[in-house]
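# Coordinate inspection notes
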Amino acid sequence: MTVVRVDPASPDAAVLARAASVLRRGGLVAFPTETVYGLGANALDPAAVARIFAAKGRPSYNPLIVHVADGERARALASDWPEAAERLAAAFWPGPLTLVVPKHASVPDAATAGRPNVALRVPAHPVAHALLLAADLPIAAPSANRSTEISPSTAAHVAKSLGGRVDLILDGGPTRVGIESTVVSLLESIPMLLRPGTLSIDHLRAVVGDVRVPHVEPGADEARLSPGMMDRHYAPRARLSVVDAKALREAAARDVERGLRVGAIAFDAGAIEGAESVHLPRDPAGYAAGLYAALHALDDAGVDAIYVEAVPEDAAWAGVRDRLRRAAHAG
Ligand code: AMP
Ligand code: MG
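Report on the accompanying structure. Predicted, not measured: the structure shown is a model, and the values here were computed from it.

## Description of the overall build of the protein chain
A count of helices and strands for the protein chain gives 12 helices and 14 strands. Taking 331 residues into account, the globule formula puts the C-alpha radius of gyration at 20 Å, and the protein chain, at 19 Å, falls close to it. When the backbone C-alpha atoms are referred to their principal axes, the protein chain occupies close to 60 × 45 × 35 Å. Out of the 331 residues in the protein chain, the part that is buried amounts to 56%. Once local pairs closer than 6 in sequence are excluded, the contacts in the protein chain between residues at least 24 apart make up 67%. As displayed, the protein chain offers around 13300 Å² of accessible surface, 53% of which is attributable to carbon and sulfur atoms.

## Considerations on the side chain of S151
With respect to the helices and strands, the residue S151 is situated in the loop between β7 (139-140) and α7 (155-162). Classification of S151 as buried rests on a relative accessible area of 0%. Here E180 takes part through its side chain, which lies 2.4 Å from a polar atom of the side chain of S151.

## Re the packing of aromatic side chains
Using the criterion set out here, one finds 4 aromatic pairs in the structure. With a centroid separation of 6.1 Å and an interplanar angle of 40 degrees, the aromatic rings of W81 and W93 are classed as tilted. Placement of the pair is W81 in the loop between α3 (71-76) and α4 (83-92) and W93 in the loop between α4 and β5 (97-102), with a sequence separation of 12 residues. With 5.4 Å between their ring centres and 70 degrees between their planes, Y287 and W317 make a pair best called edge-to-face. Placement of Y287 in helix α11 (residues 284-300) and of W317 in the loop between β14 (305-309) and α12 (318-328) is noted, with a sequence separation of 30 residues between them. Here the aromatic cluster, defined as three or more aromatic residues joined through ring pairs, consists of F267, Y287 and W317.

## Quick look at α7
If you check which residues of α7 are buried, you get A155, H157, V158, S161 and L162. Around the axis of α7, the buried residues are gathered within 155 degrees of arc, so they sit on the same side. Directly after α7, the chain includes G163, whose backbone phi takes a positive value near 45 degrees.

## Section: the nonpolar core
Soluble globular proteins: nonpolar side chains tend toward being buried together. Counting residues in hydrophobic clusters, the biggest one holds 47 residues, and the most contacted among them are W81, L88, W93, L97, L99, L120 and L204. Of all elements in the fold, only β3 (37-42), α2 (46-56), α4, β5, β6 (117-121), α7 and α8 (201-208) reach the threshold of two or more residues within this core. With residues near it in sequence (within four places) discarded, W81 still touches A74, R75, E86, A89, W93, L99, V101 and L120. Residues L291, L298, V320 and A327 belong to the second largest nonpolar core, which totals 23 residues.

## Structural notes on the sheet that holds strand β9 (residues 182-185)
Overall, mixed pairing links the 10 strands, which are arranged β1-β8-β2-β3-β7-β4-β6-β5-β9-β10 in an open sheet. Strands at the two margins of the open sheet, each flanked by one partner only, are β1 (2-5) and β10 (192-195). Relative to β7, β3 runs antiparallel, the two being bridged by 2 bridges. Along β7, the bridge assignment pairs N42 with I139.

## A word on the sheet that holds strand β11 (residues 239-243)
Strands sit in the order β11-β14-β12-β13 across an open sheet of 4 strands; the sheet is parallel. Looking at which strands have only one partner, the edges of the open sheet turn out to be β11 and β13 (276-279). With strand direction ignored, the average angle separating the axes of adjacent strands in the sheet is 15 degrees. As paired elements, β11 and β14 share 5 bridges and run parallel to each other. Following the sheet pairing, L240 is matched in β14 by I306.

Definitions and limits used
Residues numbered from 1 in each chain as written. Chains lettered and ligands numbered in written order. Predicted model: local features only at pLDDT ≥ 70, side-chain atom pairs only at ≥ 80, totals over all residues. Heavy atoms only, no water. Helix = DSSP H or I, 4+ residues; strand = E, 2+ residues; numbered from the N terminus. Rg over C-alpha atoms; globule rule 2.2 N^0.38 Å. Buried < 20%, exposed > 50% of the residue type's maximum accessible area, 1.4 Å probe, protein only. Contact = heavy atoms within 4.5 Å. Areas by Shrake-Rupley, 256 points an atom, 1.4 Å probe, with all protein chains shown as cover. Polar contact = N/O pair within 3.5 Å; in protein donor to acceptor, adjacent residues only side chain to side chain. Phe/Tyr/Trp six-rings, centres within 6.5 Å; stacked < 30°, edge-to-face > 60°. Arc of directions from axis to C-beta. Core = buried A, V, L, I, M, F, W, Y, C linked by side-chain atoms within 4.5 Å. Pairing = 2+ DSSP bridges. Axes fitted to C-alpha atoms, helices over the stretch in contact; angles between N-to-C directions.

Right, dumping it as C-alpha cells:
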C-alpha cells in the first residue's frame, strides 16, 4: 500500500497518471470524493471489480456505484435515460447524487451484482474528477472500508481499514460532505429514494415533483431494493445508542460508574464526566461532515459504548438519521 498526497486545488498530473495506470492494469486505487473515500477499480473489468469485493469482504449481492466524469459518459452506460434522470443530473451533477437506471450491455454484471440496472454518479471532488479523466474509464467505487465498518472520510481511515489490500491511496484531505451519496432509482415512472444523503428529498422533489420513499420492513426485502440499506452498516465496534440529551448524560454516568469506557456525541459543549466526548454542530451538513471522523475517533479510543444525542426529525437530517440508525443496529 502506498499513500500519496494530492492537492485538491491542483492535482499533480504525474500522481494521477500513476493512479490511472494502476486502474488500467486492474488494480485498486482509493481516492477522495466529496462524500467519502472510494475504493476504485476499472468498472469495465470484471476481474478488477471482483478485487473490490475481496478487499472489502463485501457480499457479492451488493452492487457498486459506477463513477464517471460527466453526464454524457453516464448516459453512455445506461440503456434508457428517463427524463427524470436528465433533470436530476442537470440539477445536481457533479455532486452527491447517485442515479439507478437500466444498464448498457457494456457494463459488466460484476459491477451491478448481476442486476439489469446500474448506479451512476458524477462526483464533484476535483481529485476524483481528475482521476476519471486521467484513466478515461468509468470507476466502480464503493466506500473504501471493510464491509459493515464505518466509511472513511480521510485517507488515514482508509489505511486503517484496508491497509495492504489496496494498491494506492490518494490522500486529498478530509471529505467535505462526509456521508454517502443520496441514491435515487429511476426504474419506475415515479423516482424512488433508495438511500437518503445530504441532498434531501425536498431538493429532489423541487426538480422532479413526486419522489417515493420505499415502505418496506427492515431486513431482506429492503436489502433487495438497495443493498446499501442493509440494517447493520456504517457501524463502529462499540455498542452505539441514540438517546436524548438527558438520557445520554444518565446512561453515560451509569456506564462510567460501572467502569466502562464511554464515548458520547452531542450537540453542546460541556464534557460529560469521565466520557470521551465529541461535539458536532446543530446543522445537518456540518454534522454529516464530522460524523464518521467522530465515530472513528471513538473507536480508536477503545470505548465500550457510544451514546449519540438524537438529531432533529426533519427531512434535512434524514441522511444522518439513517446512518445513525444503522450504526446502532446490533445484528
Ligand atoms: P457504497 O458504495 O458502499 O455506498 O454502496 C453503493 C450502494 O449503492 C449500494 O449498497 C446500493 O445501496 C446502491 N446501489 C448500487 N447499485 C444499485 C442498483 N443497481 N440498484 C439499487 N441500488 C444500488
Ligand atoms: Mg459503504
